Structure formats: structure tokens, C-alpha cells
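Single-letter residue listing:
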Amino acid sequence: MYLEDNFKNNIMQWFNQNQRSMPWRETTNPYYIWLSEVMLQQTQVKTVIDYYDRFIQRFPTIADLSEAHEDEVLKYWEGLGYYSRARNFHHAIKEVQHDYQGIVPSDPEHFKSLKGVGPYTQAAVMSIAFDHPLPTVDGNVFRVWSRLNNDSRDIKLQSTRKAYEQELLPYVQEEAGTFNQSMMELGALICTPKNPLCMFCPVQENCEAYDKGTVLDLPVKTKTVKKKTIEQSVFLIRNSRGEYLLEKRQERLLNGMWEFPMFETAHAIDQISKQLNHQIEPLSEPIFKLKHQFTHLIWHIKVYSVPEELEIESVSLPDHMIWFDLEQRDQFTFPVPMAKIYQFIEG
Ligand code: SF4
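Everything numeric here is computed off the predicted structure, so don't read it as measured data.

1. Points about the site of the ligand
In the vicinity of the ligand, the contacting residues are R147, L148, I190, C191, C198, C201, Q204, C207, Y210 and V215. With respect to the detected pockets, the ligand is housed in the largest cavity.

What follows is the structure, encoded as C-alpha cells:
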């Protein structure tokens, strides 16, 4: 599949005139471009902008970020979700600092060997920062390219991704960064999933799906499997100073973040009582319920209050638990459901 020469000119000209203003488009610093690509995974542009600005204000250089403690990095990511992105990025930046003298490697293979860098991030950063001829294939590009070619191959298949990368190669031999961003921006602004603005599309004359009237049938994507649901119980346990018990999550989803003690509902009471070596008796009805969705699972959380105030001296806390004064909120990174519970307590 090879579209006419005017296709590339048209889409890039449109991009140059219509692209949205974003802070990472004002820079050629590969560290900032890389950060923006990591933050933008699974997250909308308007959400990312504030986080990006705050992050580079606090960690303006690779050296600054490589020296930071992980807890602080997570704090600056709090609310963005998908925290393994932050941990991997932090880890990769330390590798850059130590193995590449603090300079983001411009060799695509070296860059790809860094922690958390997959094919999309490699292509995006290498093309935008260094104009390497690598095509980016994300959800927007899948949609635009499948429609332009009236292509009904399943975009969930790895073989389709590989085929798209091959087909896009001729277009990224020059000005790869601008071409890749043009495709993604067209997908975000014009060639949208439900109501594409074909009348305003700069490449309508190149579009086979538009010609054949199949635009809304594309791209073809097999259904995702149903998300697993987990019932969770959270306990609000206070001491006689009015402080709340917090636990640091370890070696599981949201690793390293803080939470009010939470357990999968079956046997939850036994587990927290055992950890504290003290029988916990919460009220029988939850005081608050919430639902939180991840990509692959859903938590249904019931929050229980424990009326007894524990005497500090009578309970010896394990290493991963502490007493938390509500005023200390800024010092702790909470995942989104815990931040909501905190807000509920704060009233
Ligand atoms: Fe997408 Fe419509 Fe443009 Fe085709 S004509 S690329 S379907 S916006």
C-alpha cells in the first residue's frame, strides 16, 4: 500500500497549520520529549500538560531526576495512574545518567534497551527528537491508516502492527518526526473514532474508506476480554491521637504507594487483625463505597470504619505500616481510590 506523493505533503502541511500547542512541541530536548511520551500513554493531552510542567520544573535535568528518591517521583505522578511508567522511566533515566553520561542515546537500539522503552516509545522519541526513520503506530495511527487503505485486518494482532510499520516506512525516510506527529494529530482531531470530520480532512482524496463508505467500520478490533472484578475491603483505623493507619503497598500492583489497609474481602478482618496482633472490629456496614477501573481489572471497594481508637503503645506496627496525620497528606503518594477515600475522610 503506497499512497500518492501528495498524501505526505498534504497531511504535513495541515499539521503545520493546525497542530495543537503543547509544551513538549516547543522543545528539542530529548529528555522532555521522552517524558511527554511516557505521560501520554493511556492519558489525555489536557491532563498531561500540568503534570509535565510540574515535573520538569522540579526535575529540569536528567541529573536532577536520577538523584531523586522514588517516593518523590511517584508523588509528582500521583493521579496520572499507571505508576509502573513512572518507576520504569525513573530507572531508565538513572541508566542514562550512569551509562550514557546523562545524554539520551540517539542510537535507536541503545535507547530501546532502556527500561520501559517499547517499540512505540522508541519510534516516537527517536523520530521526534532525532528524525530517525521509525514510524509510530499508536491507536490514532491504526485508525487513520486502516481507513486510508480500507484495511480490515484486526489491529489487535501483532502481525497487523508489523505490517503497518512496514507500510509506513517509506513515509518516514525524511522528516519522520513531523510525519508521525501529523498522523497522530489527524487521528486525534479529524479522523476520530465516532464522528470523523471527513469534510475537513486534508487527505480525503487519498482515503479509500471514505470512497467506499466504510469509514465507521474501521479499524477492525476483536473484542477485549471481560475485566476481572475484585471485591476489596478498606479499614479506617485510628489511634488515640486521631492518626490513621497507612500501609505501603509491596510487590503488587501500585507497588510503593500508600493506602489505608486494604484486603481482598474474604478473610480481610483476619488478615489485618493478624498483622496488628490485635483483634479489629469494624462497623458492619461500609461508610463509603467506590469503584476503580484499571486496564485489566475493576476494584469494588467498601470502606469500613473501626470505632475503637487503638492505643499506640498497645500495637507494634510492622515495618510497612505507619500512623498518618491527615495534615501530612503532601508527604504521601496515594493511588486514585485512596486519594478519594482521603477526601471523604477530610470531608
Ligand atoms: Fe479519516 Fe475521513 Fe480523512 Fe478518511 S477522509 S482519513 S476517514 S477523516
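Moving on from the model shown.
2. So, the packing of helix 8 (residues 119-130) against helix 11 (residues 176-189)
Between helix 8 and helix 11, the shortest axis-to-axis distance is 7 Å and the interhelical angle comes to 125°. When the interaxial angle is binned, helix 8 and helix 11 end up oblique. The way helix 8 lies across helix 11 gives a crossing that is left-handed. Between helix 8, through Y120, A123, S127 and I128, and helix 11, the contact on the second element is made entirely by A176, G177, N180, Q181 and M184.

3. Digging into empty space enclosed by the protein
A full pass over the atoms with the stated rule returns one cavity of 30 Å³ or more. Taken as a whole, the largest cavity spans an internal volume of roughly 120 Å³. Lining of the largest cavity is provided by 15 residues; of these, R147, C191, C198, C201 and C207 occupy positions nearest its centre. In terms of residue count, helix 9 (residues 139-148) provides more of the lining of the largest cavity than any other element does, three residues in total. Looking at the lining of the largest cavity residue by residue, the class counts come to 13 nonpolar, one polar and one charged.

Definitions and cut-offs
- Residues numbered from 1 in each chain as written.
- Predicted model: local features only at pLDDT ≥ 70, side-chain atom pairs only at ≥ 80, totals over all residues.
- Heavy atoms only, no water.
- Near = heavy atom within 4 Å.
- 1 Å grid on protein atoms, 1.4 Å probe; cavity = no way out; pocket = protein on both sides within 12 Å on 5 of 7 lines; lining within 4 Å.
- Sits in = over half its atoms within 2 Å of the grid points.
- Axes fitted to C-alpha atoms, helices over the stretch in contact; angles between N-to-C directions.
- Helix = DSSP H or I, 4+ residues; strand = E, 2+ residues; numbered from the N terminus.
- Parallel < 35°, antiparallel > 145°, perpendicular 65-115°, else oblique.
- Left-handed = near helix turned anticlockwise from the far one by under 90°.
- Contact = heavy atoms within 4.5 Å.
- Points joined across faces, edges and corners; volume = space filled by probe spheres on them.
- Nonpolar A, V, L, I, M, F, W, Y, C, P; charged D, E, K, R; others polar.

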